[in-house]
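# Structural overview for review
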Amino acid sequence: MSNEPPAPARGRPRTLTRERIAEAGMQIGLPALTFTGVASALGVSHVALYKHVPNLEELKRLVAAEIFERWQMPPLPQEGAEGGGADGEKGEKGESGKGRGDLETYLLAFTHSLRELARAYPGLAPWLIRRAAATPAMTARIDEHHAQVARAFGISKEDARQTLAMVAFHCIAVADTVCATPEAPHASEQENSADRAEIEADFERGMRALIAGALLRLGRTAAPPD
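Rules used in this analysis
- Residues numbered from 1 in each chain as written.
- Predicted model: local features only at pLDDT ≥ 70, side-chain atom pairs only at ≥ 80, totals over all residues.
- Heavy atoms only, no water.
- Helix = DSSP H or I, 4+ residues; strand = E, 2+ residues; numbered from the N terminus.
- Buried < 20%, exposed > 50% of the residue type's maximum accessible area, 1.4 Å probe, protein only.
- Areas by Shrake-Rupley, 256 points an atom, 1.4 Å probe, with all protein chains shown as cover.
- Phe/Tyr/Trp six-rings, centres within 6.5 Å; stacked < 30°, edge-to-face > 60°.
- Arc of directions from axis to C-beta.
- Contact = heavy atoms within 4.5 Å.
- Axes fitted to C-alpha atoms, helices over the stretch in contact; angles between N-to-C directions.
- Parallel < 35°, antiparallel > 145°, perpendicular 65-115°, else oblique.
- Left-handed = near helix turned anticlockwise from the far one by under 90°.
- Nonpolar A, V, L, I, M, F, W, Y, C, P; charged D, E, K, R; others polar.
- Salt bridge = Lys/Arg side-chain N within 4 Å of Asp/Glu carboxyl O.

## Some thoughts on the overall build of the chain
- Summing up its helical and strand segments, the chain has nine helices and zero strands in all.
- Counted from the first residue to the last, the chain has its helices and strands arranged as α-α-α-α-α-α-α-α-α.
- The 226 residues of the chain split such that 33% are buried.
- Element-wise, carbon and sulfur atoms account for 55% of the exposed surface of the chain, whose accessible area totals about 13800 Å².

In structure tokens:
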């Protein structure tokens, strides 16, 4: 009889879930996403992956939805805190009775957050812009955000929807284009750095102008430029 200890039993493979699939897809990135790449990262066959996700389009949709779910939107002022901004001070009131500068501050923070999202996850823009691509969970979160903004700033939900949709659409589209634009290959680092700074400034001015127009539509005015 052999005195050798028995070989340890192999552990059961981890359950393949949509959360694990999305995590693997986020690590790979949307532009390079493939079934074989995700399957390899998870240590399963692409056949096993097909049992959970029917095609590449749905795989990308799953990953995009998970990225959106993890995105932390800028915090809103507490409901009922009339005119309350991020620093808790009351802003100048417009005809609506709410602090007219507060909505502008929030929209600027909103665009900055969206731009960082687009920068962190190349290829995400189409999944945020195309309504047909959004999952029910994404649509529900967007709808709830519209309702929260409407309550926080004393505007109708439809006005909140139109304002946020317009700002988000242009911000995401421009940010995605800027992020995808390669630097000049023969330029020096100093030249490329100056170019990046100019692009950042143009983006900021453009979004401020767009937000100012959105506020005018709501009967509010933006703060004068510095």
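From this point, things continue past the structure.
## Notes on the packing of aromatic side chains
- Tallied over the full model, the rule gives five aromatic pairs.
- Plain terms: the ring middles of phenylalanine 68 and tryptophan 71 are 5.8 Å apart, the flat faces sit at 50° to each other, and that makes the pair tilted.
- Both rings, one in tryptophan 71 and one in phenylalanine 110, keep their centres 6.1 Å apart while their planes meet at 40°; by these two values the pair is tilted. Here tryptophan 71 is found in the loop between helix 4 (56–70) and helix 5 (100–120), whereas its partner phenylalanine 110 is found in helix 5, with 39 residues between them in sequence.

## With respect to helix 2 (residues 35–42)
- All of the buried residues along helix 2 are Phe35, Val38, Ala39 and Leu42. Along the axis of helix 2, the buried positions cluster into a sector of 100°, meaning they face one direction only. In helix 2, the exposed positions angled more than 90 degrees off the buried face are occupied by Thr36, Ser40 and Ala41.
- Packed against the buried residues of helix 2 are helix 1 (18–28), helix 3 (46–50) and helix 4.
- In the segment just after helix 2, glycine 43 is the residue with positive phi, at about 70°.

## Considerations on the side chain of arginine 115
- Position of arginine 115 among the secondary structure elements: in helix 5.
- Those residues in contact with arginine 115 that sit more than four places away from it in its chain are Cys171, Ala175, Val178, Ile199, Glu200 and Phe203.

## Overview of the packing of helix 8 (residues 157–180) against helix 9 (residues 189–217)
- Where helix 8 contacts helix 9, the axes come no closer than 11 Å and their chain directions differ by 165°. Judged on the interaxial angle alone, helix 9 and helix 8 are roughly antiparallel. Here helix 8 runs over helix 9; the crossing is right-handed. For the pair helix 8 and helix 9, contact is made by Asp159, Gln162, Thr163, Met166, Val167, His170, Cys171, Val174, Ala175 and Val178 and by Ile199, Phe203, Met207, Leu210, Ile211, Ala214 and Arg217, respectively.
- Split into classes, the residues belonging to the contact of helix 8 with helix 9 amount to twelve nonpolar, three polar and two charged.

## Quick word on the pattern of salt bridges
- Applying the stated rule across the entire model yields 15 salt bridges.
- Here glutamate 200 ties to arginine 115 by a salt bridge, and the two come within 2.8 Å at their closest N and O atoms. Placement of glutamate 200 in helix 9 and of arginine 115 in helix 5 is noted, with a sequence separation of 85 residues between them.
- Here glutamate 200 falls in the partly exposed class, since its relative accessible area comes to 34%.
- One salt bridge in this structure joins arginine 205 and aspartate 202, with 2.4 Å as the shortest N-O distance. Of this pair, arginine 205 and aspartate 202 are both found in helix 9, three residues apart, which corresponds to roughly one turn of the helix.
- Assessed through its relative accessible area of 39%, aspartate 202 is described here as partly exposed.
- One network of salt bridges, with partners in common, ties together Arg115, Glu116, Arg119 and Glu200.

## Structural notes on the packing of helix 7 (residues 136–153) against helix 8
- Remark: helix 7 packs on helix 8, axes separated minimally by 8 Å, with the N-to-C direction vectors making an angle of 115°. In this structure, helix 7 crosses over helix 8, and the sense of that crossing is right-handed. Where helix 7 approaches helix 8, its residues Asp143, His145, His146, Ala147, Val149 and Ala150 are matched on the opposing element by Lys157, Ala160, Arg161 and Leu164.
- Classifying every residue of the contact of helix 7 with helix 8 gives five nonpolar, two polar and three charged.

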